[in-house]
Amino acid sequence: IEVGMGKGQFIIEMAKRNPEINYIGIEKYSSVLVRAVEKLEDFEQNNLRLIRMDAENIEEVFDKDEVDRIYLNFSDPWPKDRHAKRRLTSRQFFARYDQILKKEGHLEFKTDNQDLFTFSLEEVPEAGWKLDASTRDLHHDAVLNEGNVMTEYEEKFSSKGNPICKLIASR
């Protein structure tokens, strides 16, 4: 599952590269989801579904232990402290992911926002999860960048010289 899939570049490319894996893209905003749907006109595989929904309700849509991997890419940073619980890497969201993620599953998060990344690194252990890997410069990390599929935002920000941060967490 990609939570907050935006225009769909990442999830569509993942589905193309891995036809044996089923992918689901979740997007809260219809206006953005339409852009992803338009990209699917030439998509001939049947391993991708898109859902318009709010991630706050994710455990109502997916069963316990149903999901292998969760991707969070360039999520809204919600910069004000009072909005911290809205961040997709908050302990409140980790609790939701805990309900649907298989025991051996993991979560991958990418951002160019250093403050959000620092917050996310701190939330992982607070949520009872463990940090498997992290980098503050993904495109210069040979291990974590291997097989990397870039999002629209990742292309935009990295072309401006912004380092891309990535973490992988599990329980």
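Keep in mind that this is a model prediction, so the values were computed, not measured.

Taken together, the seven strands give an open sheet; going across it, the order is β3-β2-β1-β4-β5-β7-β6, and neighbouring strands pair in mixed fashion. In this open sheet, the two strands that pair with only one neighbour each are β3 (48-52) and β6 (130-135). In this structure, strand β1 (residues 2-3) lies alongside strand β4 (residues 67-73), joined through two bridges in parallel fashion. Counted as the bridge partner of valine 3 is leucine 72 from β4. The sheet contacts of helix α4 (residues 91-100) involve β4 and β5 (101-111), and relative to β5 the element is tilted by about 140 degrees. Helix-sheet contacts for helix α5 (residues 114-126) involve β5, β6 and β7 (165-170), and the interaxial angle to β7 is about 15 degrees.

Bringing helix α7 (residues 152-159) into the picture now. The N-capping residue of α7, defined by a side-chain oxygen 3.3 Å from the backbone nitrogen of tyrosine 153, is threonine 151. Directly after α7, the chain includes glycine 161, whose backbone phi takes a positive value near 90 degrees.

On to the packing of aromatic side chains. Here a ring pair, both rings aromatic, is described through the centre-centre distance and the interplanar angle of the planes. This structure, assessed with the given rule, holds seven aromatic pairs. On the numbers, 6.4 Å between centres and 15 degrees between planes, the contact of phenylalanine 109 with phenylalanine 117 is stacked. A relative accessible area of 0% means that phenylalanine 109 is categorised as buried. With a centroid separation of 5.7 Å and an interplanar angle of 10 degrees, the aromatic rings of tyrosine 153 and phenylalanine 157 are classed as stacked.

The tally for this structure, following the rule as stated, stands at 10 salt bridges. Across the pair aspartate 54 and lysine 28 runs a salt bridge, and its minimum N-O distance is 3.5 Å. Note that aspartate 54 is positioned in the loop between β3 and α3 (58-61) and lysine 28 in the loop between β2 (23-27) and α2 (30-39), a separation of 26 residues in sequence. What makes aspartate 54 partly exposed here is its relative accessible area of 23%. Close ionic contact of aspartate 132 with lysine 130 constitutes a salt bridge, the shortest N to O distance being 3.9 Å. The exposure class of aspartate 132 is partly exposed, given its relative accessible area of 39%.

This next bit is on the nonpolar core. In this structure, Val3, Ile70, Leu72, Tyr97, Leu107 and Trp129 are the most contacted members of the largest nonpolar core, which totals 27 residues. At the level of elements, β4, α4, β5, α5 and β7 are the ones that each hand at least two residues to this core. With sequence-adjacent residues up to four places away left out, valine 3 is seen in contact with Ile26, Ala55, Ile58, Ile70, Tyr71, Leu72 and Leu88. Core analysis: the second largest hydrophobic core is formed by 13 residues, Met5, Phe10, Met14 and Val149 among them.

Another aspect to go through is a negative patch on the surface. Taken together, the side chains of Glu38, Glu41, Asp42 and Glu44 present a region of like negative charge at the surface. Residue placement: glutamate 41 occurs in the loop between α2 and β3. Here glutamate 41 falls in the exposed class, since its relative accessible area comes to 67%.

Turning to the environment of methionine 5, a few remarks are in order. Assignment of secondary structure puts methionine 5 in the loop between β1 and α1 (9-17). With 151 residues separating them in the primary sequence, methionine 5 and lysine 156 have C-alpha atoms 16 Å apart. The contact partners of methionine 5, leaving out residues within four places of it in the chain, are Ile11, Gly25, Ile26, Glu27, Leu33, Ala36 and Leu50.

This next bit is on the environment of phenylalanine 62. Take phenylalanine 62: it is sitting in the loop between α3 and β4. Not counting residues within four places of it along the chain, the set of residues in contact with phenylalanine 62 comprises Ile1, Ile24, Ile26, Ile51, Val67 and Ile100.

About the cut-offs
Residues numbered from 1 in each chain as written. Predicted model: local features only at pLDDT ≥ 70, side-chain atom pairs only at ≥ 80, totals over all residues. Heavy atoms only, no water. Pairing = 2+ DSSP bridges. Helix = DSSP H or I, 4+ residues; strand = E, 2+ residues; numbered from the N terminus. Contact = heavy atoms within 4.5 Å. Axes fitted to C-alpha atoms, helices over the stretch in contact; angles between N-to-C directions. Polar contact = N/O pair within 3.5 Å; in protein donor to acceptor, adjacent residues only side chain to side chain. Phe/Tyr/Trp six-rings, centres within 6.5 Å; stacked < 30°, edge-to-face > 60°. Buried < 20%, exposed > 50% of the residue type's maximum accessible area, 1.4 Å probe, protein only. Salt bridge = Lys/Arg side-chain N within 4 Å of Asp/Glu carboxyl O. Core = buried A, V, L, I, M, F, W, Y, C linked by side-chain atoms within 4.5 Å. Patch = residues over 30% accessible without salt bridge, like charges linked within 9 Å, V, L, I, M, F, W, Y side chains within 5 Å. Areas by Shrake-Rupley, 256 points an atom, 1.4 Å probe, with all protein chains shown as cover. Lys, Arg positive; Asp, Glu negative; His and termini not counted. Charge placed at Lys NZ, Arg CZ, Asp CG, Glu CD.

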